[in-house]
Amino acid sequence: MMQFADRLNDENHYASDKITEKARSIDERRIANHEKMAAALKRLRDSLELQQFIQDAEDMYDWLNERLLIASEETYRDLSNIQGKVMKHRTFEAEIQANKERLDTICVSGNNIAEEKPENKPEIEERLEKLNVKWQELADASTQKGTKLGDAQKQEEFNTGVKNIQEWFTEIEQTAVTHERATDLTTATRLYQKH
């Protein structure tokens, strides 16, 4: 538009003053609208970034709650298949540690947003605090469950040892009270090996 107005002005058009004035007015409006659109786009990007952070934080919080329920189960009280439970818990702990990076990424993102947009800082800090508290609860519960599973495994090993010793004592007691007498070499050897 400005080029056309300049050309008409160069050709000494009879209304060149009005044309130049209208063209300048249109150009100023175009520039102002462009600036408004750029500002609106930045606000939308900021809003998108904040909403993405909120969604990620909520997803992580839900994941932490689900894992906290698992970590709080008292499966160690039942000693059946305790070795399998210990192995399953080790896998569970590895999953938790693998998601620590995810938590760290969310925290970095939240801190960056709070730094760029201080008006969002209180909400972001509250969400980050909630996440960190829940993470610590999960870590503590997982550690405690791991310790109790280890204790239960030791108890099961002890119980198995006691059972084996009791069976051995019973066998010795039965052998000691036997009234069998050796009547030949084979019987004598067998009785001797039992004692």
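Anything mentioned here points back to the structure above.
Residues numbered from 1 in each chain as written. Predicted model: local features only at pLDDT ≥ 70, side-chain atom pairs only at ≥ 80, totals over all residues. Heavy atoms only, no water.

(A) Quick peek at the environment of T143. Position of T143 relative to the elements: it lies in helix α5 (residues 121-176). Sequence separation between T143 and A71 is 72 residues, and the spatial gap between their C-alpha atoms is 8.7 Å. In this structure the side chain of T143 is engaged in a polar contact, spanning 2.9 Å, whose partner is the backbone oxygen of A139. (Helix = DSSP H or I, 4+ residues; strand = E, 2+ residues; numbered from the N terminus. Polar contact = N/O pair within 3.5 Å; in protein donor to acceptor, adjacent residues only side chain to side chain.)

(B) Quick look at the packing of aromatic side chains. A complete count under the given rule lists one aromatic pair for this structure. A centroid spacing of 5.5 Å and a plane angle of 35° characterise the contact between W168 and F169, whose relative ring orientation is tilted. You can call W168 partly exposed: its relative accessible area is 48%. Taking the relative accessible area as the measure of exposure, F169 reaches 43% and is therefore partly exposed. Directly above the ring of Y61 sits K130, whose terminal nitrogen or CZ lies 4.5 Å from the centroid. (Phe/Tyr/Trp six-rings, centres within 6.5 Å; stacked < 30°, edge-to-face > 60°. Buried < 20%, exposed > 50% of the residue type's maximum accessible area, 1.4 Å probe, protein only. Lys NZ or Arg CZ within 6 Å of the ring centre and 35° of its normal.)

(C) Here's a closer look at the nonpolar core. F53, M60 and L138 are the most contacted members of the largest nonpolar core, which has 22 residues in total. Elements represented by at least two residues in this core include exactly α2 (16-72), α3 (82-98), α4 (100-116) and α5. The dominant element in this core, judged by the number of residues it contributes, is α2, at nine residues. With near-sequence residues (within four places) excluded, L138 lies in contact with W63, L64, R67, L68, A71, F92 and I96. Formed by six residues, the second largest nonpolar core is a distinct cluster that contains Y76, I82, L149 and A152. (Core = buried A, V, L, I, M, F, W, Y, C linked by side-chain atoms within 4.5 Å. Contact = heavy atoms within 4.5 Å.)

(D) Examining the layout of surface pockets more closely. As a volume, the largest pocket reaches approximately 230 Å³. Along its surface, the largest pocket is lined by R67, I70, E73, T75, K85, K88, H89, T91, F92, E95, K145 and L149. Among the elements of the structure, α2, α3 and α5 are those that each provide at least two residues to the lining of the largest pocket. If you tally residues by element for the lining of the largest pocket, the top one is α3, at six residues. (1 Å grid on protein atoms, 1.4 Å probe; cavity = no way out; pocket = protein on both sides within 12 Å on 5 of 7 lines; lining within 4 Å. Points joined across faces, edges and corners; volume = space filled by probe spheres on them.)

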